[in-house]
Structures are given as C-alpha cells and as structure tokens.
Amino acid sequence: SVVTALPLCALFAGWLRGRANPSAAVQVRVYAAAHDAEAALGLGRALRQEIDASDVPTGVLVVADGATTLTPPAPGGYDPDSGPSQTALDDALSAGDAEALAGLSDRISGRVAYQVLAGLAEPGPSAAREFARGAPYGVGYYVGTWTP
C-alpha cells in the first residue's frame, strides 16, 4: 500500500473533532483549485442538498488560505495588489455575503473552498460572526462562524 500525506484540512478537522466531540464523525472534502466559480458554487449547492437530505445534525468547517502574497516573505512572494483581495474576502465572510464570495479574485489561494461555501449557504447565512482576521507569515486567515 502507498502512504500519502493527508491534506492539512483533514488533519485540522480530525484534531478539532477530537477537541470538540471525539465521538462525532468527520467527512473531508478537498476540491481542486482548477474549478471555476460556477463549478464551485454547484459543488456547494450539491453539498447543501446532501446535508438537507440527512437527519444527522451537520456542521461544515472550511479550511482554506486567503491571499498568500501579502508580505515579502510570504510563501507566494509579495504582490501589493493582493491586499484589497484579502480585505474583500474578510469583509465578505464577516458580512455573510455569499454573492461576494462567488466573485472572489484568483489572488485568493482558497478561492474554490470559499465559493463552495457560497453555494452551500445561498442566499447567505442568517447570522455571521467574526472572531479574528490577520495575515501571519503573509497569508490571509479569517476565523468566524456562519449560522444557516
């Protein structure tokens, strides 16, 4: 058998499950970065249908980078034009703006994951709450919740 590395999102989801509710089940979905916005939105809509058809209480955790080019030592190098794209992402997440997520710039490394979220949550959450936003190591991160 071949051993492969788990995606970081799978490791994080497993760790969080262990901290929050070790008896809970976790499914991990990793979406290809090559999906265009319409395909990503469609994946989110399909996930919504799947969740709605289940009687199991379900939460969704999105683990994705923002812009990876926010400072000179950032992993993607420095792109001074990426700051506004990161601000737009943070503001859309904070406001629960699914429509804005659907139109994210390709400068956002995790664009597809955020667009899947937009399709999942259409037309948007009933409430959005921001806990933190920042750019450690030149990579944009946001922590918050959306309530369906």
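Per chain, residues are indexed from 1 in the order of the written sequence. Given that the model is predicted, a residue must reach a pLDDT of at least 70 before its local features are reported, and side-chain atom pairs must reach 80 or more before they are shown or counted; all residues, however, enter totals for whole chains, interfaces and linings. Water and hydrogen atoms play no part in the side-chain values, which are based on all heavy atoms of the structure.

A. Just unusual backbone geometry, in detail. A cis amide bond, omega 0°, links Glu122 with the succeeding residue Pro123. If you check the backbone angles, Tyr137 has positive phi at about 60° while not being a glycine. Note on conventions: DSSP H or I runs of at least 4 residues are helices, E runs of at least 2 residues are strands, and numbering of each starts at the N terminus. In this fold, Tyr137 is placed in the loop between β1 (127-134) and β2 (141-147).

B. Molecular detail of the side chain of Thr69. Along the chain, the position of Thr69 falls in the loop between α2 (37-52) and α3 (82-95). Working definition: with a 1.4 Å probe on protein chains only, accessible area under 20% of the residue-type maximum means buried, over 50% means exposed, and in between means partly exposed. A relative accessible area of 13% places Thr69 in the buried class. Beyond its immediate chain neighbours, meaning those up to four positions away, Thr69 contacts Ala74, Gly76, Gly77, Tyr78, Asp79, Ser82 and Gly138. Only heavy atoms matter for contacts: two residues are in contact if any of them lie within 4.5 Å across the pair.

C. Looking closely at the side chain of Gln115. The topology assignment puts Gln115 in helix α5 (residues 111-121). In terms of polar contacts, Gln115 uses its side chain to reach the backbone carbonyl oxygen of Ala102, at 2.8 Å. Not counting residues within four places of it along the chain, the set of residues in contact with Gln115 comprises Asp36, Ala37, Ala40, Leu41, Leu101, Ala102, Gly103 and Leu104. For the purposes of these results, a polar contact is taken to be a pair of N or O atoms within 3.5 Å, where, inside protein, one atom must be able to donate a hydrogen and its partner to accept one; residues adjacent in sequence count only when each atom of the pair is a side-chain atom.

D. Molecular detail of the pattern of salt bridges. Salt bridge, as used here, is a side-chain nitrogen of Lys or Arg placed within 4 Å of a carboxyl oxygen of Asp or Glu. Taken as a whole, this structure holds 8 salt bridges when the rule is applied. As a salt-bridge pair, Arg48 and Asp52 come within 3.1 Å of each other at their nearest N and O atoms. Residue Arg48 and its partner Asp52 are located together in helix α2, separated by 4 residues, close to a single helical turn. Residue classification places Arg48 among the partly exposed positions, given a relative accessible area of 26%. Linking Arg111 and Asp106 is a salt bridge whose minimum nitrogen-to-oxygen distance equals 3.0 Å. Looking at Arg111, the relative accessible area reads 9%, which means it is buried. On the basis of relative accessible area, Asp106 is assigned to the exposed category, the value being 67%. Taken together, the salt bridges that share partners define one network made up of Asp79, Asp81 and Arg107.

E. Focus on the packing of aromatic side chains. Stacked, tilted and edge-to-face are the three classes assigned to paired rings of Phe, Tyr and Trp, where Trp is represented by its six-membered ring and a pair needs centres within 6.5 Å; plane angles under 30 degrees give stacked, over 60 edge-to-face, the rest tilted. Counted by the stated rule, this structure contains 1 aromatic pair. Ring centres 5.6 Å apart and planes at 35° place the aromatic pair Phe12 and Trp15 in the tilted group. Taken together, the residues Phe12 and Trp15, both in helix α1 (residues 8-20) and 3 residues apart, mark about one turn of the helix. On the basis of relative accessible area, Trp15 is assigned to the partly exposed category, the value being 48%.

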